[in-house]
Amino acid sequence: MERTFDFLSGEVLAFDKAWAMTSFNLVRTVRNRLSHRLGIRKLKVGHAGTLDPLATGVLIVCTGRSTKNIDTLQAGTKEYVATLRLGCTTASFDAEHPIDKLYPTAHITRTAVDGALNRFHGTIWQVPPAYSACKVDGKRAFSYMREGEEVELKAKELVIDELEVLDLHLPEQNILSSRAGEVLKMARQNVSIKGRTSENAPLLEPPTFAYLQIRVVCSKGTYIRALARDIGEALGSGAYLIGLRRTRVGNITLDDCVPAADIEDWIERIDLAPVPEEFQDLIIPNKERI
């Protein structure tokens, strides 16, 4: 039996954010479509933890009175699957910027990978990326960087509960993955939200394609991009994030999510509770509706 949704009194929803979609745009789509379906001027909607545009996966959205639970939901443990390209770095530690430096990878072994990851288990201190929404003197760090100003961020304490190798491709060690072709294609997408592609970025390409895919279970505030940077440094090879998928927030997993591409259809077919009496003033009169 399908349930009835009361979005004004409050609901906690889960969506699978698509690649290149911003968290803001997903929330805006949900707000606009629900407001239209309910026939009200504006529904209160917010998300419980943003995802970078090039990341996909679980994005929790709260409506109505449930927006009061956002801080609690944000505090939940998170799980990610992250793919790191080895032997190179970018300014943002992900594919939003072109490769800026190359490093050797021939020295990396499976033993070295395991040893590097062991350094990041438990409580650690992490310096957030300069290209991030962290505030410095009331201004977002990425704003300084875009204006050509360097910014220094303080390390934050966080917890990495689990760190597991899922896939590894090290051709120089004859450690080969059957998924290498698929992952290389993903790495070459390198499309930013501004439309920059690898074709018009500086032509800097490592001679060998090597990568590491990991599963990470971590606390609130963890930047997986920064973890990629730190793992690269620990391996002496440099690394940046070429793929990120959030698979769980608290007890909410991908199995609980509505795909971003299905949001509008989902909203049109679900059962809605009548607008409660206390919210009647939000209803748009029929003569004003389009």
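Rules and cut-offs
Residues numbered from 1 in each chain as written. Predicted model: local features only at pLDDT ≥ 70, side-chain atom pairs only at ≥ 80, totals over all residues. Heavy atoms only, no water. Phe/Tyr/Trp six-rings, centres within 6.5 Å; stacked < 30°, edge-to-face > 60°. Buried < 20%, exposed > 50% of the residue type's maximum accessible area, 1.4 Å probe, protein only. Helix = DSSP H or I, 4+ residues; strand = E, 2+ residues; numbered from the N terminus. Contact = heavy atoms within 4.5 Å. Polar contact = N/O pair within 3.5 Å; in protein donor to acceptor, adjacent residues only side chain to side chain. Salt bridge = Lys/Arg side-chain N within 4 Å of Asp/Glu carboxyl O.

Draft legend 1. Region of the structure containing the packing of aromatic side chains. For the coordinates displayed, the defined rule picks out 4 aromatic pairs. For the ring pair Phe-5 and Phe-7, a centre distance of 5.4 Å and an interplane angle of 5 degrees mean the geometry is stacked. Judged by its relative accessible area of 10%, Phe-5 is buried. A residue is classified by how much of its surface remains accessible, and Phe-7, at 1% relative accessible area, is buried. An angle of 80 degrees between the planes, with centres 5.4 Å apart, marks the rings of Phe-5 and Trp-266 as edge-to-face. Taken together, the residues Phe-5 in strand S1 (residues 4-5) and Trp-266 in helix H7 (residues 263-269) connect sequence positions 261 residues apart.

Draft legend 2. The arrangement of the environment of Cys-62 in detail. Mapped onto the secondary structure, Cys-62 falls in strand S4 (residues 55-63). Distance in space between the C-alpha atoms of Cys-62 and Glu-11 is 5.8 Å, their sequence separation being 51 residues. With near-sequence residues (within four places) excluded, Cys-62 lies in contact with Glu-11, Val-12, Lys-44, Val-45, Gly-46, Thr-67, Ile-70 and Leu-73.

Draft legend 3. Broad picture of the side chain of Thr-222. With respect to the secondary-structure elements, Thr-222 resides in the loop between strand S12 (210-218) and helix H6 (224-235). A distance of 2.9 Å separates a polar atom in the side chain of Thr-222 from the backbone oxygen of Ser-219. Not counting residues up to four positions away in its chain, the partners in contact with Thr-222 are Gln-126, Leu-158, Val-159 and Ile-160.

Draft legend 4. Focus on the environment of His-169. Relative to the helices and strands, His-169 resides in strand S11 (residues 156-169). Once the C-alpha coordinates of His-169 and Phe-209 are considered, the two residues, 40 residues apart in sequence, prove to be 8.0 Å apart. With near-sequence residues (within four places) excluded, His-169 lies in contact with Ile-175, Leu-176, Ser-177, Ala-180, Phe-209, Ala-210 and Tyr-211. Of note is the side chain of His-169, whose polar atom sits 3.1 Å from the backbone nitrogen of Ser-177.

Draft legend 5. Spatial organisation of the pattern of salt bridges. Overall, the coordinates contain 12 salt bridges when judged by the stated rule. For Arg-179, the salt bridge identified is with Glu-182, shortest N-O distance 3.3 Å. The partly exposed category is assigned to Arg-179, whose relative accessible area is 27%. Put simply, Glu-79, Glu-162, Glu-164 and Arg-215 are held in one network by salt bridges that share partners.

Draft legend 6. Unusual backbone geometry, seen in detail. Positive phi, normally seen in glycine, also occurs at Phe-93, with a value near 70 degrees. By the secondary structure assignment, Phe-93 is in the loop between strand S6 (88-90) and strand S7 (99-102). Backbone geometry places Asn-174, a non-glycine residue, at a positive phi of 60 degrees. Secondary-structure assignment places Asn-174 in the loop between S11 and helix H5 (180-189). Take Asn-174: its relative accessible area is 62%, and that puts it in the exposed class.

Functional significance is not addressed by these values, which are geometric in nature.
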